[in-house]
Amino acid sequence: MLEVNDVSAGYSLLRVLWDVTLKVSSGERVALIGPNGAGKTTLLRVVVGLLQPYGGKVIFNGEDVTNIPTFDRVRKGITLVPEGSRVIPRLTVYENLRAAATTKEAKDKFTDTVDMLFTLFPILKERKEQLAGTLSGGEQRMLAVARGLILRPKLLLVDEVSLGLAPKVVTQIYDSFKELSGMGITLVLVEQYVRKVLQSTDRAYLIEQGRIVLSGSSRELMVNEYVRKAYLGD
Amino acid sequence: MSMFKSLNIKYIVPLAVILYALPLIPQQPYVTHLMIMTLMWAYLATAWNILGGFSGQLSLGHAAFFGIGAYASYFLTVWYGIPPIVSLIVSGMFASLISIGIGYPCFRYGLRGVYFTLATIAFAEILKDVFIYLRDITGGSLGIWLPVTHEGIVNLYFISKESYYYVITSLWLLLMIILSLAGRFKDYLIAIREDEDVAASIGINITRYKLMALLISSYFTGVGGSFYIYYFRYINPYTAFGLDTSLQMVLISVFGGMYSLWGSFIGSLVLTPIGEYLRITLGGTYVGSHLIIYGVLLIIIIRFMPRGVFGIAEIIRSKYLIRGG
């Protein structure tokens, strides 16, 4: 479904990614783990087109999308839930969702999708008319995920959804990922909360200093000596 | 359906009744003039706010569109004999057309923030100089006069000031209704203002929507300029394209609350009469002193109400909703 081939990227002179190659198949749940500043967020930005790579290709469903703008990639089925949720604070919960219905499919199925999302995240239904800026951190994160789902993506990229949240809320959000996966949505989860994400995914890549240093099934990485020492604190 | 979207309509209807009924109370022509100015600046600030407030692209050159609307109306009326009521609608299109000249290069190549603002100021200043320079066509710095014509709505020429008041009130109400109904469009613009990366990530074509905001904003601003020349029957390049005119729209909008559809009206309701009053009482004896007082008032108010008068309403609204939720 998604192929990233030899991508190098960065911010003008500051190079962040070095020849990154990875593959995600349809229906998979894939984790990208690694320390702060490793380039995980940058990689996601390249995949959705918020950042133009120096070199390399992004291929989605067999099509080279490296040079098309972000909103077009969204139409093709790639959606990003950005780091730190970043909801639109001065719009209500409902308006945040409505603003995300930018494609024809999303507009047509909007009411159904919203109903589905309100079952997935009941708290958002209660907060429907509230300004998004007044939600708690966990609720904002749920709204950001829900906003991405309004677009009925084929591939959902989620950046650091657990950052700064209580474990209980994290579990709740990860439970929702399980359901999304059941609906056939391909997931790429960027996380520093390594144990949780390895438990909930099929495969994982470890990124350090802009390079992929390790990859394999999530179960393999869980028992890998290096990962256990450096990331799981065993 | 958002609760506050329907509330907008709920407010507009009774307000329309009040505004239309106001001239039934007999009053001095000067008071009517003041009401016309208040509505005109409310209208212009609302039009500015589509681009400056909702999409967050701070234009300090909206006089360009105001001036084009005014001059286009003059040319259409005097040279081509097109009925003023038609020119009023068409002149805005010229303003939109001109706005592409500044908007496309800026938005396409990512001129943001302060650089966009500077570009808009330069754009209006260039137009001003061009209109001063092309004396044979534009009348140069002396400006242009509209000839006296037959009274009536077709010619937008009335002896009584009340008729102008009804015209500008209707224009403003129309704009408010259009904007109240454009909920989704407004959401897109606000998303762009608050976070361009997020807006792109949810599939909003940022360049396109910024351009649309500019086209619509400049259209209505141009219509405002058209109204101005039909009311005053005179304009010159300094008024038409001057920074004062641009700033007035921005100040009213920011003062009233640029994040709200109602801010511009509230802003004009307060600032326009104060400005006029100070000009009349002080402007003659101590030239310029009214501007000092006006400026100090603005500094104080913006210092203590950074989100404008309407920002207070927003704070109350969110507090109430936290308690309520």
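Rules used throughout
- Residues numbered from 1 in each chain as written.
- Chains lettered and ligands numbered in written order.
- Predicted model: local features only at pLDDT ≥ 70, side-chain atom pairs only at ≥ 80, totals over all residues.
- Heavy atoms only, no water.
- Pairing = 2+ DSSP bridges.
- Helix = DSSP H or I, 4+ residues; strand = E, 2+ residues; numbered from the N terminus.
- Axes fitted to C-alpha atoms, helices over the stretch in contact; angles between N-to-C directions.
- Contact = heavy atoms within 4.5 Å.
- Phe/Tyr/Trp six-rings, centres within 6.5 Å; stacked < 30°, edge-to-face > 60°.
- Buried < 20%, exposed > 50% of the residue type's maximum accessible area, 1.4 Å probe, protein only.
- Lys NZ or Arg CZ within 6 Å of the ring centre and 35° of its normal.
- 1 Å grid on protein atoms, 1.4 Å probe; cavity = no way out; pocket = protein on both sides within 12 Å on 5 of 7 lines; lining within 4 Å.
- Points joined across faces, edges and corners; volume = space filled by probe spheres on them.
- Salt bridge = Lys/Arg side-chain N within 4 Å of Asp/Glu carboxyl O.
- Buried area = accessible area lost by both parts, 1.4 Å probe.
- Polar contact = N/O pair within 3.5 Å; in protein donor to acceptor, adjacent residues only side chain to side chain.
- Nonpolar A, V, L, I, M, F, W, Y, C, P; charged D, E, K, R; others polar.
- pLDDT = per-residue confidence, 0-100.

Looking at the sheet that holds strand E9 (residues 203-208) of chain A
Within a beta sheet, neighbouring strands are joined by backbone hydrogen bonds and run either parallel or antiparallel to one another. Residue and element names in this part refer to chain A. Taken together, the 6 strands give an open sheet; going across it, the order is E6-E7-E8-E3-E9-E10, and neighbouring strands pair in mixed fashion. Of all the strands in the sheet, the pair left with one neighbour each is strand E6 (78-81) and strand E10 (211-217). Between one strand and the next, the sheet's axes are offset by a mean angle of 15 degrees, whatever the strand orientation. Of the strand pairs in this sheet, strand E3 (residues 29-33) and E9 are connected by 4 bridges, and their pairing is parallel. Paired with Leu 32 across the strands is Tyr 205, a residue of E9. Across the face of the sheet, helix H8 (residues 167-182) comes into contact with E3, strand E7 (155-159) and strand E8 (186-191) while running at roughly 155 degrees to E8. Sheet strands in contact with helix H11 (residues 225-232) are E9 and E10, and its direction is about 65 degrees off that of E9.

Overview of the packing of aromatic side chains
Counted by the stated rule, this structure contains 26 aromatic pairs over all chains. With 6.3 Å between their ring centres and 45 degrees between their planes, Tyr 71 of chain B and Phe 75 of chain B make a pair best called tilted. Separated by 4 residues within a single helix, Tyr 71 of chain B and Phe 75 of chain B lie in helix H3 (residues 63-78), roughly one turn from each other. Judged by its relative accessible area of 17%, Phe 75 of chain B falls in the buried class. Arg 90 of chain A extends its terminal NZ or CZ atom over the ring of Tyr 259 of chain B, reaching a point 4.0 Å from the ring centre. Over the ring of Tyr 109 of chain B we find Arg 108 of chain B, and its NZ or CZ is 5.0 Å from the ring centre.

Describing empty space enclosed by the protein
Residues and elements named next belong to chain A. This structure, assessed with the given rule, holds 2 cavities of 30 Å³ or more. Taken as a whole, the largest cavity encloses approximately 40 Å³ of empty space. Arg 29, Tyr 174, Phe 177, Lys 178, Leu 187, Leu 189 and Ser 200 together form the lining of the largest cavity. Of all the secondary structure elements, the ones that give two or more residues to the lining of the largest cavity are H8 and E8.

Some remarks on the pattern of salt bridges
Counted under the stated rule, the structure contains 17 salt bridges over all chains. The salt bridge partner of Glu 63 of chain A is Lys 76 of chain A, with a shortest N-O separation of 3.4 Å. On the criterion of sequence distance, the pair formed by Glu 63 of chain A in strand E5 (residues 63-64) and Lys 76 of chain A in helix H2 (residues 70-76) is long-range, its members being 13 residues apart. Take Glu 63 of chain A: its relative accessible area is 38%, and that puts it in the partly exposed class. The exposure class of Lys 76 of chain A is partly exposed, given its relative accessible area of 28%. For Asp 175 of chain A, the salt bridge is made with Lys 178 of chain A, and the minimal N-O distance between the two is 3.9 Å. With Asp 175 of chain A and Lys 178 of chain A both in helix H8 and 3 residues apart, this pair spans about one turn of that helix. We classify Asp 175 of chain A as partly exposed; its relative accessible area is 37%. For Lys 178 of chain A, a relative accessible area of 54% gives the class exposed. Via salt bridges that share partners, Arg 45 and Arg 86 of chain A together with Asp 195 and Asp 197 of chain B belong to a single interconnected network.

A look at the interface of chain B and chain A
The interface of chain B with chain A comprises 29 residues on the first partner and 30 residues on the second. Both sides together, the interface formed by chain B and chain A hides about 2,800 Å², and carbon and sulfur atoms give 56% of it. Counting the surface chain B buries against chain A, the share from its top three residues, Arg 184, Ser 201 and Ile 202 of chain B, is 21%. Between chain B and chain A we count 5 salt bridges in total. Arg 45 of chain A is the partner of Asp 197 of chain B in a salt bridge, and the nearest nitrogen-oxygen pair spans 2.9 Å. The tally of links from chain B across to chain A stands at 9 residue pairs in polar contact (both at pLDDT 80 or more). Elements supplying a minimum of two residues to the side of chain B that touches chain A: helix H1 (3-21), helix H8 (183-194), helix H9 (196-201) and helix H15 (309-324) of chain B. Partitioned by chemical class, the residues of the side of chain B that touches chain A number 12 nonpolar, 7 polar and 10 charged.

Topic: the confidence of the model for chain B
Of the residues in chain B, 95% reach a pLDDT of 70 or more, and the chain-wide mean stands at 89. Complex prediction metrics read pTM 0.88 and ipTM 0.87.

Observations regarding the environment of Ile 266 of chain B
All names here are of chain B. On the secondary structure map, Ile 266 appears in helix H13 (residues 263-282). A relative accessible area of 24% places Ile 266 in the partly exposed class. On a C-alpha basis, the gap between Ile 266 and Leu 247 in space is 17 Å, while along the polypeptide they are 19 residues apart. If near-sequence neighbours (up to four positions away) are discounted, Ile 266 is found in contact with Val 309 and Phe 310.

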